[in-house]
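Structural characterization, general
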Amino acid sequence: MLFVISGPSGVGKSTVLRRLIDEVPNLSFAVSHTTRPPRAGEVDGRDYHFVPDAEFARLAGEGAFVEWAFVHGHRYGTSRAAVRPGSSGDLLIEVDIQGAAALRKEIPDAVSIFIEPPRFAELATRIAGRGREARDQIEKRLRTARAEISRAASYDHRIVNDDLVRTVRELASLITSARS
Ligand code: 5GP
């Protein structure tokens with residue numbers, strides 16, 4: 001099964017998804033490609049396949065992606081190889097709203113889940129607090145966040161991340177019931 005996860009920048013997706021993979025058996029992360037430079041602590045091949053623009057364009061030209069999109073000025077894509085059913089169980093893939101719409105079309109059985117913040121104001125605090133983005137980047141991410149939240153109703157499920165443990169538990173039970 002493929003679980004497609006989206007949520008605005010700053011909602012805490014990465015932490016939630018890392019915990020989820022640790023706690024739920026037979027679930028792994030489908031690694032996307034991006035032209036964004038790696039952030040401190042990110043590992044090539046684990047967090048993303050970090051590729052230069054020319055390499056991304058070559059792969060896109062060859063039809064290697066199920067979907068790809070521009071997000072915050074960089075290209076991000078899901079390769080066909082990343083979502084090919086494998087022996088390692090079910091897959092989680094984190095994409096933006098454009099990617100989720102494309103994946104739903106390509107893979108109609110995919111289960112889509114939107115993770116929302118309890119309050120919009122918290123996104124700004126969290127994005128600024130992690131100190132990774134410049135001011136103009138923060139504003140860009142907040143504008144995108146507003147647009148993304150307004151599309152949350154198009155997902156199969158919505159989960160409010162007001163408490164890490166509870167959010168992971170809700171996602172885990174959603175995955176268990178989808179599997180059965
Ligand atoms: P970040 O730069 O914070 O890691 O990710 C920025 C945005 O790109 C997030 O909304 C994330 O969900 C999205 N994203 C990550 N991988 C993909 C992908 O393969 N395709 C699409 N369309 N979006 C992606």
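Reference entry: report on the structure contained in this document. Every chain begins its residue count from 1, and numbering advances along the sequence as written. With pLDDT at 70 or above as the cut-off, local features in this predicted model cover only qualifying residues; side-chain atom pairs require 80 or more to be listed or tallied, and sums for whole chains, interfaces and linings still use all residues. Hydrogens and water are ignored here; the side-chain numbers use all heavy atoms of the structure.

**Focus on the pattern of salt bridges**
- Each reported salt bridge corresponds to a side-chain nitrogen of Lys or Arg within 4 Å of a carboxyl oxygen of Asp or Glu. Across all of its chains, the model carries 12 salt bridges by this definition.
- With a closest N to O distance of 3.0 Å, Arg158 and Glu116 form a salt bridge. Of this pair, Arg158 sits in strand 9 (residues 157-160) while Glu116 sits in strand 8 (residues 111-116), placing them 42 residues apart in sequence.
- To sort residues, take the accessible area from a 1.4 Å probe on protein chains only and compare it with the maximum for the residue type: under 20% means buried, over 50% means exposed, and anything in between is partly exposed. The class of Glu116 is buried, set by a relative accessible area of 12%.
- Close ionic contact of Arg166 with Asp162 constitutes a salt bridge, the shortest N to O distance being 2.9 Å.
- The partly exposed category is assigned to Asp162, whose relative accessible area is 45%.
- Among the charged side chains, a salt-bridge network with shared partners connects Arg36, Arg39 and Glu42. Each helix is a run of DSSP H or I of at least 4 residues and each strand a run of E of at least 2, with the numbering of both proceeding from the N terminus.

**Examining the layout of surface pockets**
- Only protein atoms enter the 1 Å grid used here, on which a cavity is any set of points holding a 1.4 Å probe that cannot leave and a pocket is any open set flanked by protein within 12 Å on both sides along at least five of seven lines; residues with an atom within 4 Å of a point are listed as lining. Grid points are joined across faces, edges and corners, and a volume is the space filled by probe spheres set on the points. Approximately 1100 Å³ is the volume found for the largest pocket.
- In terms of lining, the largest pocket is formed by 45 residues, of which the most central are Lys13, Ser14, Arg39, Tyr48 and Glu94.
- Those elements that provide at least two residues to the lining of the largest pocket are helix 1 (13-23), strand 5 (65-71), strand 6 (74-79) and helix 5 (135-149).
- Per element, the largest residue contribution to the lining of the largest pocket is 8 residues, and it comes from helix 1.

**Looking at the environment of Val11**
- Structurally, Val11 can be placed in the loop between strand 1 (2-6) and helix 1.
- Look at Val11 and you get buried, because its relative accessible area is 0%.
- Note: C-alpha distance between Val11 and Tyr76 (65 residues apart in sequence) is 19 Å.
- Throughout, a residue-residue contact means that at least one pair of heavy atoms, one from each residue, lies within 4.5 Å. Setting aside residues no more than four positions away along its own chain, Val11 makes contact with Ile115, Glu116, Pro117, Leu123, Arg126 and Asn161.

**Here's the deal with the nonpolar core**
- Membership of the largest hydrophobic core comes to 23 residues, with the highest contact counts inside it found for Leu20, Leu92, Ile113 and Leu171.
- If you list the elements that add at least two residues to this core, you get strand 1, helix 1, strand 8, helix 4 (120-129), helix 5 and helix 6 (164-179).
- No other element matches the 5 residues that helix 6 contributes to this core.
- Dropping the residues within four chain positions of it, Leu92 is found in contact with Phe3, Ile5, Leu17, Leu20, Ile21, Leu27, Ser28, Phe29, Ala30 and Ile175.
- Core analysis: the second largest hydrophobic core is formed by 16 residues, Ala30, Val83, Leu91 and Ile93 among them. Buried Ala, Val, Leu, Ile, Met, Phe, Trp, Tyr and Cys residues form a nonpolar core when they are joined through side-chain atoms within 4.5 Å.

**Some points on the packing of aromatic side chains**
- Think of it this way: a Phe, Tyr or Trp ring, Trp meaning its six-membered ring, pairs with another when their centres are within 6.5 Å, and the plane angle makes it stacked under 30 degrees, edge-to-face over 60, tilted otherwise. The final tally for this structure, using the stated rule, is 6 aromatic pairs.
- Of the aromatic side chains, those joined through ring pairs into one cluster are Phe56, Phe65, Trp68 and Phe70.
- Directly above the aromatic system of Trp68 lies the positively charged group of Arg75, at a separation of 5.0 Å from the ring centroid.
- For the cation-ring pair, Arg146 lies above Phe120, with the distance from its terminal atom to the ring centre recorded as 4.0 Å. Think of it as a cone above the ring: NZ of Lys or CZ of Arg counts as a charge over the ring if it is within 6 Å of the ring centre and within 35 degrees of the ring normal.

**Some remarks on the packing of helix 1 against helix 6**
- Where helix 1 contacts helix 6, the axes come no closer than 9 Å and their chain directions differ by 55°. Between helix 1 and helix 6, the interaxial angle falls into the category oblique. Helix 6 is crossed by helix 1, and the crossing has right-handed handedness. For the pair helix 1 and helix 6, the contacting residues are Thr15, Val16, Arg19, Leu20 and Glu23 in the first and Leu164, Val165, Thr167, Val168, Leu171, Ala172 and Ile175 in the second.
- Lys, Arg, Asp and Glu make up the charged group, whereas Ala, Val, Leu, Ile, Met, Phe, Trp, Tyr, Cys and Pro make up the nonpolar group; the residues left over, Gly among them, are polar. Class assignment for the residues of the contact of helix 1 with helix 6 results in 8 nonpolar, 2 polar and 2 charged. Between N-to-C directions, angles span 0 to 180 degrees; the directions come from axes that are lines fitted to C-alpha atoms, helices contributing only their stretch in contact. An angle below 35 degrees is treated as roughly parallel, one above 145 as roughly antiparallel, one from 65 to 115 as roughly perpendicular, and anything else as oblique. Handedness of a crossing is defined here by the sense of rotation of the near helix relative to the far one, left-handed for an anticlockwise turn of less than a right angle and right-handed for a clockwise turn.

**Describing the sheet that holds strand 2 (residues 27-29)**
- Pairing in this open sheet of 5 strands is parallel, and the strands run 2-7-1-8-9 from one edge to the other. Lying at the two open borders of the sheet, with one neighbouring strand each, are strand 2 and strand 9. Taken over all neighbouring pairs, the strand axes of this sheet differ in orientation by 25° on average, direction set aside.
- Here, any two strands with at least 2 DSSP bridges between them count as paired. Relative to strand 7 (residues 90-94), strand 1 runs parallel, the two sharing 4 bridges. Note on strand 7: the bridge partner recorded for Leu2 is Leu91.
- Sitting on the sheet, helix 6 touches strand 1, strand 2, strand 7, strand 8 and strand 9, and the angle it makes with strand 9 is about 160°.

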